[in-house]
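Given next are the chains, with one letter for each unit.
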Amino acid sequence: YVCVLVCMADRVGVLGRSCLKDLSHVPLARQRVSEVIQGMVFKFAERGHLVKNVYLGVPSPCQPTLKEAAEVPVIWRYLKMTCAGQMWHSVLASCDVFVNRCADVRRA
């Protein structure tokens, strides 16, 4: 399952590709990234699925000209977390930190 996490100021939402409404759209609301992810994990669990890994990514800054934009690949910085090797609250806390510090991550 892949989705796009949308962050605007203190609001977070999700656009995903799923035939299940709960997994295809989470409206923008004042909530933390971890709350959104936790809600989605609950929806998967209700259907008998187990989340093994969580990936979060942000595009690196790139300043191609309009002419080059179609040919320049987007470079991503990402964080992969294996849920089995960590406490779940640690995974959720890492999600919040990663998204809140995405400007620093992009520059890395």
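Structure shown above.
The structure reproduced in this document is the subject of the present report.

### Overview of the pairing of strand S4 (residues 53–59)
Here comes step 1: The alternating pattern of S4 places Val54, Leu56 and Val58 on a buried face, while none of Asn53, Tyr55, Gly57 and Pro59, on the opposite face, is buried.
Here comes step 2: With seven bridges connecting them, S4 and strand S5 (residues 76–82) associate as antiparallel partners. Pairing of Asn53 across the sheet is with Thr82, part of S5.

### So, helix H4 (residues 88–100)
Here comes step 1: For H4, which comprises 13 residues, the first-to-last C-alpha distance of 19 Å matches the rise-based estimate of 18 Å (1.5 Å per residue) to within 8%.
Here comes step 2: Restricting attention to buried positions, one finds in H4 the residues Val91, Leu92, Cys95, Asp96, Phe98 and Val99. Taken around the axis of H4, the buried residues stretch over an arc of 165 degrees, which confines them to a single face. Exposed residues on H4 whose side chains face more than 90 degrees from its buried face are His89, Val97 and Asn100.

### Observations concerning the sheet that holds strand S3 (residues 25–30)
Here comes step 1: Taken together, three strands build an open sheet; the order of strands is S1-S2-S3 and the sheet is antiparallel. With partners counted over all chains shown, the strands left at the sheet margins are strand S1 (3–8) and S3, one partner each. Across the sheet, the axes of successive neighbouring strands diverge by a mean angle of 15 degrees, strand direction being ignored.
Here comes step 2: For strand S2 (residues 11–16) and S3, the ladder comprises four bridges, and the chain directions are antiparallel. Residue Val12 lies in a different strand from S3, and its bridge partner there is Ala29.

### Some words on the layout of surface pockets
Here comes step 1: Size it by volume and the largest pocket reaches roughly 940 Å³.
Here comes step 2: In terms of lining, the largest pocket is formed by 27 residues, of which the most central are Cys3, Val4, Leu5, Tyr55 and Leu56.
Here comes step 3: At the level of secondary structure, the elements contributing two or more residues to the lining of the largest pocket comprise S1, helix H2 (33–46), S4, S5, H4 and helix H5 (102–107).
Here comes step 4: Tallying contributions element by element places S4 first for the lining of the largest pocket, with seven residues.

### Thoughts on the pattern of salt bridges
Here comes step 1: Applying the stated criterion to the full structure yields four salt bridges.
Here comes step 2: Ionic pairing is found between Arg30 and Asp10, a salt bridge with its closest N-O pair at 2.8 Å. Residue Arg30 is found in strand S3, and its partner Asp10 is found in the loop between S1 and S2; the two are separated by 20 residues along the sequence.
Here comes step 3: Between Asp96 and Arg32 there is a salt bridge, and its shortest N-O distance comes to 3.6 Å. Remark: Arg32 occurs in the loop between S3 and H2 and Asp96 occurs in helix H4; sequence separation between them is 64 residues.
Here comes step 4: On the accessibility criterion, Asp96 (14% relative accessible area) is buried.

Cut-offs used in this document
Residues numbered from 1 in each chain as written. Predicted model: local features only at pLDDT ≥ 70, side-chain atom pairs only at ≥ 80, totals over all residues. Heavy atoms only, no water. Buried < 20%, exposed > 50% of the residue type's maximum accessible area, 1.4 Å probe, protein only. Helix = DSSP H or I, 4+ residues; strand = E, 2+ residues; numbered from the N terminus. Pairing = 2+ DSSP bridges. Expected span 1.5 Å × (residues − 1). Arc of directions from axis to C-beta. Axes fitted to C-alpha atoms, helices over the stretch in contact; angles between N-to-C directions. 1 Å grid on protein atoms, 1.4 Å probe; cavity = no way out; pocket = protein on both sides within 12 Å on 5 of 7 lines; lining within 4 Å. Points joined across faces, edges and corners; volume = space filled by probe spheres on them. Salt bridge = Lys/Arg side-chain N within 4 Å of Asp/Glu carboxyl O.

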